[in-house]
Amino acid sequence: MVRMPGRNQEDSPGISPIRADSAGDMEEDPADVTMDSLEASEGVPDPSVSDAGPTQTAPQDREEGQSESDSQMKAPDTPSETKLSNGNRRTNGFSESEGAVSPPAGGSENSSTPKSAAPTPQRPRRAAAAVANERMVLRKRPAATPDDKTLSPASSTPAKASNSSAPKKRRPRALDNTITSADASEVTHSPLMSVLKSRQRKAAAAVPVAAPNRKRQRVGEDDLYIRSLCGILRSGEMTIGGLVDSWVDTYKRDHLMGFLELANFFVHSSGCKGKIGAGMTKLAADEIMKQLTPKFEEDTNDYPLIRTDKEFKKFRSDFCKFLHTVVLAIKDTILFDDYLIDNLFRLLIDMADSGIRAFRHTATLGVMKILTGLVEVMVHQHRIVQNDQQQLEQEENRKRSNPQRVQMLERTLKAHRDQADKVKECFELGCKQVLYIRYRDTVSSIRELCMEEIGVWMSIYPERFVDDSYLKYLGWTLNDKEAAVRRKCLSAIYPLYETEENVARLQLFSSKFKDRFVQMATDVDTECCIRAGKILIAMNRSMPELFGEADLTRIFDLIYVADHNLAVSSAEILINHMTSVTAVDRQNRPRFKSGKEWSDDTFDLYFLIAFSVANTSRSTNQAYFVDSLIDVCPALKAWEAMTDLLLEEFEEGTTLQPLSDKEEKELITVMSYAIKQTATAEAPGGRSHVGRKRNKDAKQTKDEVTDLTTHFIDVLPKLISKYKQDPAKITFLISFPQYFDVDLYTTNHKEAELGTLLDLLCEIYEKYEHAPLLKAAVKSLDCLEREGSGIVNRVAIARTTILTSIVNKFQEAFPHWLAFNGDNDQELVYHMESSVKRLYALLITSDGSDLDIWDPILQTLERAVTLNYASICDSTIKCCMLLLFWKIRALQRNADGPDAAILEEHQKRFQYYVDVLLGVVADHDVEEIVYTAFGSVIDAVIVHQPQNDRVPDWFKNLSFQLSADQQSILSNYIDKEVLSKPLPDGGSSAAFNSVIVDKEKRDEVVYKRRKLLLQFVKAMSCAIILPRYASVVFKHAISSNMDYGDIIKETMKRLQEVNPVYFAECIAASLVEMFTGIAKKRRITRVSRDVLDIKDMAKRFAAYFGTDNVRSRSAMGALHKYCFEFIKGAASRDDAVLRIIFFDILSEFHSKLLRPDKTSLVNLLNSMDILKTNPGESIPSNDLLLPFLQYRNTLALGGMEGEPDDKHRRGRRINPPQGKKGAVLEGTVAEAESSEAAEAANLAEVNNVGHDDATSVAGSVLDPNATVEIEQSMDVV
């Protein structure tokens, strides 16, 4: 016999069987059975003694005074046992790894045991769940009597008399932590045993040795959840097909058990911790829901269907697949048993009506997926019925039909029709009780899944569901307030129009909801616009008669949307419509005067240009127009047809009118974008080419570029010569060479055409001062001067000629400009303005470092500022910037570095230029001049700042730092003229047109001010503005949120990432600036509205430092240093008392400090003389010191050991540090000891801490000697 630890040798180590009555009370069997003298029966191996030795069972829970032998139980041998390979028997119970125990290291033999049955090494213990199942089986067996001396036929274990004479009442177990016998029977006979046994075998391999007095494990709700369908599906231990097969086997063996497993699957999938037992099946469905609702965790907003963490990432999809597989698995048998579906629908209908969102969402999804499975079953049944009907008709039409076979086929047909009717009946029940109600649910996700499943039904069985009775729900939901629901509806509708068979069924629906689709083409949601547009296009293809001119206009407007695919689809409709309208004109081919006949491409271009001009609301974006049509309309690449319409004259007598001036300009613009699109294949700004092959073959692109270059080499000079009097048209024409293959000028021997083109460019450059035209001409010259081409020298000579001519004209007008006194000499003003504009445009791409025009340009600027000529000021400031830039580039080309004299001269020029611009910003009244000067001075300083440490030393000497006065000029201008200056009111005028004008004016002003603000924050990002002057931006973060909030927020994020210390100083400076500003205006207290507003802003600022306190440690040190210097810098005692209030604002950042820094700050605060109290002066009241005391004590409590750095400590017990009791600070803080001790005492009472400990807390907080010895100031500071 195995000796049990802690027991006498004569005690019988057995476990008594336990019975459970209906009330749940547990009783011990009066007859205990021991295992001391077990004998092997004939042919039946002993379950307690095997090759591995006897198995030690875990002791049960015992009441006080219960004997050792009372806790022993006879080893069961029930019909549920299975024979193992080694001859042992095992039960079909569940096991848990933590519930199993290992046998002891050794043991002793019983004298009554036969010698042949020698003990062998013991095998591992079974899991606690398996033992619990064995005991539950024994509850139903009759108790053994003392007279039983031999083995019963059903058991191989002999009975032995028990020492106990009377049964003892056991304490009833809690229902929440145990399972009943009925539940245990369900668990024991579950078909999912294969998975659970594998768990048992894995757990038995690494089971620790259990303590002798360890209490047995009980099977609770968590264990039952793991063994449920939901638990196994979530863990993925079985495939969905295997899990469904196991459940089907369970249901076939026991209908009730199978139904309970499936019902609990829905309950657990909703996140409920409850369980539907066998006893609850007699209750009504609403009563079951009442019992399950209290067991649901209503505080959480997450439940399995909407959770996205790793554990539940695939649960929703597996949930849907499982239900779909279940329906298909039972479609032939179980589906028609009048038990499962009826009872399951009753439960799910009540769950779908629950007020708990998780129940409602889970049940609705479950019902909709079951209904989708039933739709597939209906399709299957429909095919079977059709097959039976066909066979019956064939048999009846035979000349010698068999009456018996006809009767058999009729019976089969009737049975199949009955089954189909049963499926339809179940489907209608689910629709009526769930779909028709839940599609209006308050939760948008439930409405989404309803619309999604309706679309699935229509795609599976269109003959039945593409019907107005179901389509109306999709149509009604098109007006849903949630964009996601509308998208689901549109996604379900669009595939229906792709099938020709559905066109007739959609006639009524299309006519009724066409207007709604047209409205949704301009929906606020982009995806809804795209999908509604696709539906309109598909509807127009199948039902063109429904659309009038107004509807077609809406469709054609989709050409200009950002989605490329939708725009191309709309363009196809436009081409088809245009072809049908112009069919008559195409039959009578007109000719040009030269006798050249119109081609199809010429017709298409003619009517496309007419459409683009007529569509004035969208014709401003020709880039989108070309991008939409270039793949579906070959005419946009017909260069000859385009130039024919521009150069050829129309034949007299034709019905087609020549192009108007506006149409010619439109054609030239379209031609320009078409050339760019062909040469670069780049999408215009704001449009993406998702799903479109934009990477054309390199050879194809090269061939297209060759074709357009070959054509325009000869034609472009003619076009420029014809339209050189129109700057708007010539601006696009002179941009064509930017996309040419310039090598073709030499390979095709077109040097004459090149010379003509260069002469025209020089002529245009000297004739016009239109800025876009000048930039286009300079860029074309730069592209023609491509390195390696054969024409680079000729283009360089042309560029030099233009530059020399412009400089000479400027120098000729310069003396007259200096002598100009502002009289009405407009010709001089025009010559000077045109000269500096041309010079600026040419300096963009031409090196001006060798031009000796710096002094004349700067003097021209000073004179223009004096005379208030904004256009000349703008051009001269830009010229000065480009000259400085080209000079730096020239200095960098010198490998040995420039001479010191050259550097000194450049630095003097730069500093004088900055002084001139800052004078303009400070004193000038013309906004246009000030705006240009403000942006230029910041750009000039940034250009002369070294961006990294790898720059040469000579460049570091050029770096220029603005003085405090200069920074103050920039900061004050941003504060007064941008952030604080009121904007024009867009709604002040009474007339409607005036309101529009005022709003446009306001938008224009906001745009200009935003450009200034962007320039200033760019200087902040380069740290060339001190924090005290940069704070002006952050103090307007809330008041200017509507117009400039995005810029300010992005600046704060960028600074926090790039330069957190500088960002923290700017934050501190802005808070100090706001505090001092309101203190000068009015008397404030810590509860003043202005102080509370600043405190709220500080809380917002603190969020930008993130949750990583280690990373933001240096930033927090800089912020607190800046604020402490402000508080200590009070000029008088009254000012010091006022600045103590600032501690309330600073307290918003204490959560961002680490524990050592908090302790350092406490020591620093203890050493500070806040009020600078002199002997003999009156001590202020505690109310004045309260912000300081609260802030310091907050830091002190946060700096205690054992307190976490980054977690909230509300409601947690505070462990007081060991220190001297009653120690206080000297001076003004001494009177606050009693109040602080009282506060600590109240806190201690809440947290169950004694008054003495609370006094110790207060004394330690107020005593600097009681804290840990560290540095007196923050190490990070």
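The rules behind the values
- Residues numbered from 1 in each chain as written.
- Predicted model: local features only at pLDDT ≥ 70, side-chain atom pairs only at ≥ 80, totals over all residues.
- Heavy atoms only, no water.
- Helix = DSSP H or I, 4+ residues; strand = E, 2+ residues; numbered from the N terminus.
- Buried < 20%, exposed > 50% of the residue type's maximum accessible area, 1.4 Å probe, protein only.
- Contact = heavy atoms within 4.5 Å.
- Areas by Shrake-Rupley, 256 points an atom, 1.4 Å probe, with all protein chains shown as cover.
- Phe/Tyr/Trp six-rings, centres within 6.5 Å; stacked < 30°, edge-to-face > 60°.
- Lys NZ or Arg CZ within 6 Å of the ring centre and 35° of its normal.
- Polar contact = N/O pair within 3.5 Å; in protein donor to acceptor, adjacent residues only side chain to side chain.
- Salt bridge = Lys/Arg side-chain N within 4 Å of Asp/Glu carboxyl O.
- Core = buried A, V, L, I, M, F, W, Y, C linked by side-chain atoms within 4.5 Å.
- Axes fitted to C-alpha atoms, helices over the stretch in contact; angles between N-to-C directions.
- Parallel < 35°, antiparallel > 145°, perpendicular 65-115°, else oblique.
- Left-handed = near helix turned anticlockwise from the far one by under 90°.
- Nonpolar A, V, L, I, M, F, W, Y, C, P; charged D, E, K, R; others polar.
- pLDDT = per-residue confidence, 0-100.
- Lys, Arg positive; Asp, Glu negative; His and termini not counted.
- Expected span 1.5 Å × (residues − 1).

Topic: the overall build of the protein chain
- Assigned secondary structure in the protein chain consists of 50 helices and 4 strands.
- Looking at the protein chain residue by residue over its 1277 residues, the buried ones come to 50%.
- Of the contacts made within the protein chain by residues no fewer than 6 positions apart, 75% connect residues no fewer than 24 positions apart.
- In the form shown here, the protein chain has an accessible surface area of approximately 61,400 Å², with 49% of it arising from carbon and sulfur atoms.

Structural notes on the packing of aromatic side chains
- Applying the stated criterion to the full structure yields 49 aromatic pairs.
- Ring centres of tryptophan 457 and phenylalanine 465 lie 5.8 Å apart, and the angle between their planes is 45°; on these two criteria the pair is classed as tilted. A single burial state applies to tryptophan 457 and to phenylalanine 465, both of which are buried.
- Clustering of aromatic rings is evident, with ring pairs tying together Phe265, Phe266, Phe312, Phe315, Phe319 and Phe322.
- The ring centre of phenylalanine 465 lies 5.5 Å from the NZ or CZ of arginine 464, which sits over that ring.

Observations concerning the side chain of arginine 799
- Mapped onto the elements of the fold, arginine 799 is located in helix 31 (residues 792-818).
- In terms of polar contacts, arginine 799 uses its side chain to reach the side chain of glutamate 785, at 2.9 Å.

Comments concerning the environment of arginine 586
- Here arginine 586 lies in helix 21 (residues 583-587).
- Ignoring anything within four residues of it in the chain, the contact list for arginine 586 reads Thr579, Asp600, Phe603 and Asp604.

What about the pattern of salt bridges?
- The full count for this structure, using the stated rule, is 55 salt bridges.
- Close ionic contact of aspartate 644 with lysine 596 constitutes a salt bridge, the shortest N to O distance being 2.7 Å. With aspartate 644 in helix 24 (residues 639-647) and lysine 596 in the loop between helix 21 and helix 22 (600-614), this residue pair connects regions lying 48 residues apart in the sequence.
- The exposure class assigned to aspartate 644 is buried, which follows from its relative accessible area of 10%.
- Among the residues examined, lysine 596 registers a relative accessible area of 28% and is labelled partly exposed.
- Where salt bridges share partners, they join Asp353, Arg360, Arg438 and Asp441 into one cluster.

Topic: unusual backbone geometry
- One non-glycine residue, histidine 749, adopts positive backbone phi at about 55°.
- Relative to the helices and strands, histidine 749 resides in the loop between helix 28 (744-747) and helix 29 (751-767).
- A residue is classified by how much of its surface remains accessible, and histidine 749, at 64% relative accessible area, is exposed.
- Residue alanine 1023 is not a glycine yet carries a positive backbone phi of 60°.
- Examined against the element boundaries, alanine 1023 turns out to sit in the loop between helix 39 (992-1021) and helix 40 (1027-1034).

Observations concerning the nonpolar core
- With 313 residues, the main nonpolar core has Phe322, Tyr913, Phe1034 and Phe1149 as its most contacted residues.
- Top contributing element to this core by residue count: helix 11 (residues 357-397), with 13 residues.
- Beyond its immediate sequence surroundings of up to four residues, phenylalanine 1034 is in contact with Met1020, Ile1048, Thr1051, Met1052, Leu1055, Phe1063, Cys1066, Ile1067, Ser1070, Met1097 and Phe1101.
- Within the second largest apolar cluster, 7 residues are counted, among which are Leu891, Val951, Phe955 and Leu958.

Some points on the packing of helix 44 (residues 1113-1128) against helix 47 (residues 1155-1166)
- Interaxial distance between helix 44 and helix 47 falls to 12 Å at its minimum, and their mutual angle equals 15°. Judged by the inter-axis angle, helix 44 sits roughly parallel to helix 47. The handedness of the crossing between helix 44 and helix 47 comes out as right-handed. For the pair helix 44 and helix 47, the contacting residues are Arg1113, His1120 and Phe1124 in the first and Pro1156, Asp1157, Leu1161, Leu1164 and Leu1165 in the second.
- A class-by-class count of the residues in the contact of helix 44 with helix 47 yields 5 nonpolar, 1 polar and 2 charged.

Quick word on the confidence of the model for the protein chain
- Mean pLDDT for the protein chain: 75, with 72% of residues reaching 70 or above.
- Segment residues 986-996: pLDDT under 50, and 9 contacts once partners within four positions in sequence are set aside and those in other chains are kept.

Comments concerning the side chain of arginine 516
- Looking at the secondary structure, you find arginine 516 in helix 17 (residues 507-520).
- Buried within the structure, arginine 516 lacks any salt-bridge partner; aspartate 523 is the closest side chain of opposite charge, at an N-O distance of 4.4 Å.
- A distance of 3.0 Å separates a polar atom in the side chain of arginine 516 from the backbone oxygen of leucine 478.
- Not counting the four nearest positions on each side in its chain, arginine 516 is found in contact with Leu478, Asn479, Arg486 and Asp523.

Some details on helix 38 (residues 964-979)
- The end-to-end C-alpha distance of helix 38, which contains 16 residues, comes to 21 Å, matching closely the 22 Å that a straight helix rising 1.5 Å per residue would cover.
- The complete set of buried residues in helix 38 reads Gln966, Gln967, Leu970, Ser971, Tyr973, Ile974, Asp975, Val978 and Leu979.

A look at the packing of helix 35 (residues 900-923) against helix 38
- Relative orientation of the contacting elements helix 35 and helix 38 amounts to 35°, with a least axis distance of 10 Å. Seen from above, helix 35 lies across helix 38 with left-handed handedness. Of the residues in helix 38, those touching helix 35 at Asp915, Leu918, Val921 and Ala922 are Gln966, Ile969, Leu970 and Tyr973.
- Classifying every residue of the contact of helix 35 with helix 38 by side-chain character gives 6 nonpolar, 1 polar and 1 charged.

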